[in-house]
Amino acid sequence: MAVTALATLAPVLVWLVTDPLLGHRPRVTDGEETLDLGGAPVAVAALLASLCGWALLAALERFGVRRARAVWTGAAGVVLALSFLPFLGGGMDGGTRASLALMHLAVAAVLIPGLAGGSPETRTATARG
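Residue positions are given per chain, counted from 1 along the sequence in the order it is written. At least 70 in pLDDT is required for a residue's local features to be given in this predicted model, at least 80 for side-chain atom pairs to be given and counted, and no such filter applies to totals for whole chains, interfaces and linings, which use all residues. As a rule here, side-chain values cover all heavy atoms of the structure and leave hydrogens and water aside.

Novice: Which residues make up the side chain of T96, and what values go with them?
Specialist: Within the secondary structure, T96 sits in helix α4 (residues 94–116). The buried category is assigned to T96, whose relative accessible area is 0%. Under this definition, polar contacts are N or O atom pairs within 3.5 Å; protein pairs additionally need one hydrogen-donor-capable and one acceptor-capable atom, and for neighbouring residues in sequence, both atoms have to be side-chain atoms. A polar atom in the side chain of T96 sits 3.2 Å from the backbone nitrogen of R27. Contact criterion: two residues are considered in contact whenever any of their non-hydrogen atoms come within 4.5 Å of each other. Those residues in contact with T96, other than ones at most four positions away along the chain, are H24, R25, P26, R27 and V28. Put simply, DSSP marks the helices as runs of H or I at least four residues long and the strands as runs of E at least two long, and each gets a number from the N terminus on. Per-residue accessibility, obtained with a 1.4 Å probe over protein chains only, is compared with the maximum for each type, and a residue is labelled buried under 20%, exposed over 50%, and partly exposed between these values.

Written out as structure tokens, the structure is:
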């Protein structure tokens, strides 16, 4: 639970530096529509990503996937890489690209090592066995 909370907080801290402190509001434009990325949407997106990662790891462990943590870590790396694909398109300036990339990396920097250690039950069973 702590990992999920920290992974939700990490990109919000990046947003706090980017938007209120540096004065650059992350914006994505799609045709005539502009989406301003505030702190709440950043937190919600990070929370959803964290919960999905946690659920996948729990499912892998529950269904007895061999080396579930290693499989999960590989999947998390692929998802992180794929999350950068939208930055190749248009609709955002360099500052927005940089801040969003830092937000993605902030979530990954907390979530991947935090969850790759496995659930408390798995760590306890591994330590005993």
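Novice: Tell me about unusual backbone geometry, and please be specific about residues and values.
Specialist: Of note, R67 is a non-glycine position whose phi angle comes to about 55°, a positive value. Of note, R67 is situated in the loop between α2 (39–62) and α3 (68–83). Judged by relative accessible area, which is 64%, R67 ranks as exposed.

Novice: How would you explain the nonpolar core if you had to name every residue and give the values?
Specialist: As a rule of thumb, nonpolar side chains are buried together in soluble globular proteins. Here, nonpolar core means buried Ala, Val, Leu, Ile, Met, Phe, Trp, Tyr and Cys residues that are tied together by side-chain atoms lying within 4.5 Å of each other. Core analysis: the biggest nonpolar cluster contains 13 residues, and V42, F87, L100 and M103 have the highest contact counts within it. Judged by nonpolar contacts, the second largest core, of 12 residues, contains L60, A76, A108 and L115.

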